[in-house]
There are 2 protein chains.
Amino acid sequence: MKIIEKIIDMQDVMKIEKETGKKIGFVPTMGFLHEGHQTLLKEARDNNDIVVLSIFVNPLQFGPNEDFDAYPRDILRDEQIAKNMGVDYLFYPSVDEMYKDEKTTIIKVEKRVDVLCGKHRPGHFDGVATVVMKLFQIVTPHKAYFGMKDAQQVAVIDGLINDYHLPIELVRVETVREEDGLAKSSRNVYLNESEREKAPKLFQALCLGRDKLADGEKAIHEVKKGMEEFIALQTGAKVEYVEIYAYPTLEELTSPIREGKFNIIIALAVKFSKARLIDNIVFSYNKGE
Amino acid sequence: MKIIEKIIDMQDVMKIEKETGKKIGFVPTMGFLHEGHQTLLKEARDNNDIVVLSIFVNPLQFGPNEDFDAYPRDILRDEQIAKNMGVDYLFYPSVDEMYKDEKTTIIKVEKRVDVLCGKHRPGHFDGVATVVMKLFQIVTPHKAYFGMKDAQQVAVIDGLINDYHLPIELVRVETVREEDGLAKSSRNVYLNESEREKAPKLFQALCLGRDKLADGEKAIHEVKKGMEEFIALQTGAKVEYVEIYAYPTLEELTSPIREGKFNIIIALAVKFSKARLIDNIVFSYNKGE
């Protein structure tokens, strides 16, 4: 595995690899790699000639009240994981390298951001889109891998790729779950024993909502209400939101829900005593017409 | 010459040309080609294997009070000129083709825009940067040609290329002038006979300013004042602005001007009875240290 810190070096290497016809799979991350990242890397490894992992904690996507400096970092451990996963190139630029010249523009995300977690993080997805565009131009991958745990981020990247006609295939990788259904997350360690037992109910609530829609329930608010009651009763945690949208546009669905074939996301955020957990499912809806 | 209307077709063709090692020169325009465009095309023709011309009147860069529909178009004449200039591919997409999907983002230009003509056209350069980014991703040129008549646009594109590390060389093509120094412009036809005689004084004023700085004048306001007086006296036209900045950052210069080596732009906009003319010169300043 080669570690590359300079943009120009990364571009040179990618140019040579692509000239020999190699297919490039790219996994952009902020490092501190966990099992979710490893799933992305495995997908990339299985389906490309060359795997590029980037590790860059992007100051641009942190809000004024979000602590960029406190974001966890462990590059030596990350290097070891990357090697084990068969990464060919680890792109590891400094903040100074990525933002060395006067920045004159930003990519402003105008759709898909005023819902879910984005509603409370103004500017966050502008920072994400801007750095991902930079990384895409540096790495020029054929495929880019993102985890559906952060389904809103995937929707934003989907829009970015479409808007600028980027010749990149966005690969959406399913959320990795514990055997009992709880979405894996570094935040799960903040659950106490009793909360950990109840936490799988979140995924059950998502499935409940999906099944209600599949069974013909057409009133969106009824589905949400059922889920909220289920979570409250089964976990005692505070529901921050349960939302249901078209995916990836993240536009409101009519209620009663219209007939047709389209993708739906059900997403939730729930606050336990110390841990705030998010989860979602995306599925194909197909009714009537 | 091949005329291509679909984004996907353009991308396919460029991929094939580049695979055989061809160098691509790109001239993006809004059509209604004039002598300035032809100079860009000649430069591109002389220095690349393949020349791509795009003609696209971009609605996104027109303000609410600027008439997109009234913008002059003459595709048949443009086609003929393109053929004569040796263009290989004319990319001529419809508005629907360029903005067919829901647009989720815009490139917001945050620097280099609050001066010169940009000051009075909020959002204009966002539209320019967004469509140029789209075109760059579609055509993937090695070199892109822009005229220095619109020096602010060139500065914005320079920022765009740097921000996203695009592997594109920006070629700044000098303003084409009449023999008497007047910058060529389709608006010159709106000058009456007497105004046309005086109009070359604008370029003389720019040279006057440049020479004053070269001769050691350090007070920016003195240089501007001298130019304004010269223009008023020699042309009788109304000076809209005379501005002097660092280039391409378009940042204020200190006054007295600092020592060192850097590029300076002197730019002006002047209103005759019916024609509003703009002009500028960019030159290297090199004093002291």
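Residues numbered from 1 in each chain as written. Chains lettered and ligands numbered in written order. Predicted model: local features only at pLDDT ≥ 70, side-chain atom pairs only at ≥ 80, totals over all residues. Heavy atoms only, no water.

A short note on the packing of aromatic side chains
Residue and element names in this part refer to chain A.
- A full pass over the atoms with the stated rule returns 10 aromatic pairs over all chains.
- On the basis of an interplanar angle of 45° and a centroid distance of 6.1 Å, the ring pair of F56 and Y99 is categorised as tilted. A residue pair is termed long-range when its members are at least 10 positions apart, and F56 in the loop between β3 (50-55) and α3 (75-84) and Y99 in the loop between α4 (95-98) and β5 (105-109) qualify at 43 residues.
- Using a relative accessible area of 5% as the deciding quantity, one classes F56 as buried.
- Classification of Y99 as buried rests on a relative accessible area of 17%.
- Geometrically, the ring pair formed by F262 and Y285 is tilted, given 5.3 Å between the ring centres and 40° between the ring planes. (Phe/Tyr/Trp six-rings, centres within 6.5 Å; stacked < 30°, edge-to-face > 60°. Helix = DSSP H or I, 4+ residues; strand = E, 2+ residues; numbered from the N terminus. Buried < 20%, exposed > 50% of the residue type's maximum accessible area, 1.4 Å probe, protein only.)

Comments concerning the relation of the copies chain B and chain A
- Of the transformation placing chain B onto chain A, the axial shift is 0.0 Å and the rotation is 180°, giving an RMSD of 0.0 Å. Here the symmetry operator amounts to a two-fold rotation axis. Using C-alpha coordinates, one finds that chain B approaches the rotation axis most closely at I107 of chain B, a distance of 2.3 Å.
- When you check the interface residues of chain B against chain A, 100% turn up at the interface there too, and the contact is symmetric in its surfaces. (Least-squares fit on C-alpha atoms with pLDDT ≥ 70 in both. Contact = heavy atoms within 4.5 Å.)

Let's talk about the interface of chain B and chain A
- The interface of chain B with chain A comprises 27 residues on the first partner and 27 residues on the second.
- When chain B packs against chain A, the two sides together hide about 2700 Å² of surface, and 48% of this comes from carbon and sulfur.
- Note that E102 of chain B is salt-bridged to R112 of chain A, the shortest N-O span being 3.1 Å.
- Partitioning the side of chain B that touches chain A into residue classes produces 10 nonpolar, eight polar and nine charged.
- As paired strands, β5 of chain A and strand β5 (residues 105-109) of chain B are joined by five bridges and run antiparallel to one another. From the neighbouring strand, I106 of chain A faces β5 of chain B, where its bridge partner is K108 of chain B. (Buried area = accessible area lost by both parts, 1.4 Å probe. Salt bridge = Lys/Arg side-chain N within 4 Å of Asp/Glu carboxyl O. Nonpolar A, V, L, I, M, F, W, Y, C, P; charged D, E, K, R; others polar. Pairing = 2+ DSSP bridges.)

A few points about the pattern of salt bridges
- What the rule picks out here adds up to 38 salt bridges over all chains.
- We note a salt bridge from E110 of chain B to K103 of chain A, for which the minimum N-O separation is 3.8 Å. In this pair, E110 of chain B sits in the loop between β5 and α5 (124-139) while K103 of chain A sits in the loop between α4 and β5, so the two residues belong to two different chains.
- Look at E110 of chain B and you get partly exposed, because its relative accessible area is 43%.
- Among the residues examined, K103 of chain A registers a relative accessible area of 23% and is labelled partly exposed.
- For the salt bridge of K143 of chain B with E169 of chain B, the shortest nitrogen-to-oxygen distance reads 3.8 Å. With K143 of chain B in strand β6 (residues 143-147) and E169 of chain B in strand β7 (residues 169-173), this pair connects stretches of sequence that are 26 residues apart.

Structural notes on the packing of helix α8 (residues 201-214) of chain B against helix α9 (residues 220-235) of chain B
Residue and element names in this part refer to chain B.
- Contact geometry for α8 and α9: axes closest at 9 Å, N-to-C directions at 155°. Comparing the axis directions of α8 and α9 gives the class roughly antiparallel. For the element pair α8 and α9, the recorded crossing hand is right-handed. Where α8 approaches α9, its residues K201, L202, Q204, A205, L206, L208, G209, K212 and L213 are matched on the opposing element by E222, V223, G226, M227, F230, I231, Q234 and T235. (Axes fitted to C-alpha atoms, helices over the stretch in contact; angles between N-to-C directions. Parallel < 35°, antiparallel > 145°, perpendicular 65-115°, else oblique. Left-handed = near helix turned anticlockwise from the far one by under 90°.)

Let's talk about the domain arrangement of chain A
Residue and element names in this part refer to chain A.
- We note that the domain assignment places domain 1 (2-173) and domain 2 (186-287) within chain A.
- Here domain 1 and domain 2 have C-alpha centroids that lie 27 Å from each other.
- Taken together, the contacts link 13 residues of domain 1 with 13 residues of domain 2.
- Summing both sides of the interface, domain 1 and domain 2 together bury roughly 1300 Å²; the carbon and sulfur share of this comes to 63%.
- The tally of links between domain 1 and domain 2 comes to one salt bridge.
- Where domain 1 touches domain 2, the interface holds six residue pairs in polar contact (both at pLDDT 80 or more).
- Residue contributions to the side of domain 1 that touches domain 2 peak at five residues, all from helix α6 (residues 151-163). (Domains from an automatic or database assignment. Polar contact = N/O pair within 3.5 Å; in protein donor to acceptor, adjacent residues only side chain to side chain.)

Structural notes on a positive patch on the surface
- Together, K15, K18 and K23 of chain A together with K18 and K23 of chain B give the surface a local cluster of positive charge.
- Within the element layout of this structure, K23 of chain B appears in the loop between α1 (7-19) and β2 (24-29). (Patch = residues over 30% accessible without salt bridge, like charges linked within 9 Å, V, L, I, M, F, W, Y side chains within 5 Å. Areas by Shrake-Rupley, 256 points an atom, 1.4 Å probe, with all protein chains shown as cover. Lys, Arg positive; Asp, Glu negative; His and termini not counted. Charge placed at Lys NZ, Arg CZ, Asp CG, Glu CD.)

Some words on the environment of D88 of chain A
All names here are of chain A.
- Looking at the secondary structure, you find D88 in the loop between α3 and β4 (89-91).
- Taking C-alpha positions, D88 is 6.3 Å from K2, a pair spaced 86 residues apart along the chain.
- Here R45 takes part through its side chain, which lies 3.0 Å from a polar atom of the side chain of D88.
- Engagement of the side chain of D88 in a polar contact is seen with the backbone nitrogen of V51, the distance being 2.7 Å.

Describing the side chain of D126 of chain A
- Its place among the elements puts D126 of chain A in helix α5 (residues 124-139).
- A distance of 2.8 Å separates a polar side-chain atom of D126 of chain A from the backbone nitrogen of V109 of chain A.

Observations regarding the environment of S185 of chain B
Residue and element names in this part refer to chain B.
- Tracing the sequence through the fold places S185 in the loop between β7 and α7 (193-198).
- By relative accessible area, which is 23% here, S185 ends up partly exposed.
- Put simply, S185 and G36 are 149 residues apart on the chain and 8.0 Å apart in space, counted from C-alpha to C-alpha.

A few points about the sheet that holds β6 of chain B
All names here are of chain B.
- Pairing within the open sheet is parallel, and its six strands lie in the order β1-β4-β3-β2-β6-β7. Edge positions in the sheet fall to β1 (2-4) and β7, since each has one partner strand and no second. Here the average twist between neighbouring strands, direction ignored, is 25°.
- Those strands touched by α5 are β2, β3 (50-55), β4 (89-91) and β6, and its axis lies near 150° from that of β2.
- Along the sheet face, helix α6 (residues 151-163) touches β6 and β7 and points at about 170° away from the line of β7.

Side note on the side chain of S54 of chain B
Residue and element names in this part refer to chain B.
- Structurally, S54 can be placed in strand β3.
- Its relative accessible area of 0% is what places S54 among the buried residues.
- Not counting chain neighbours up to four residues away, the residues in contact with S54 comprise F26, V27, P28, T29, F91 and L135.

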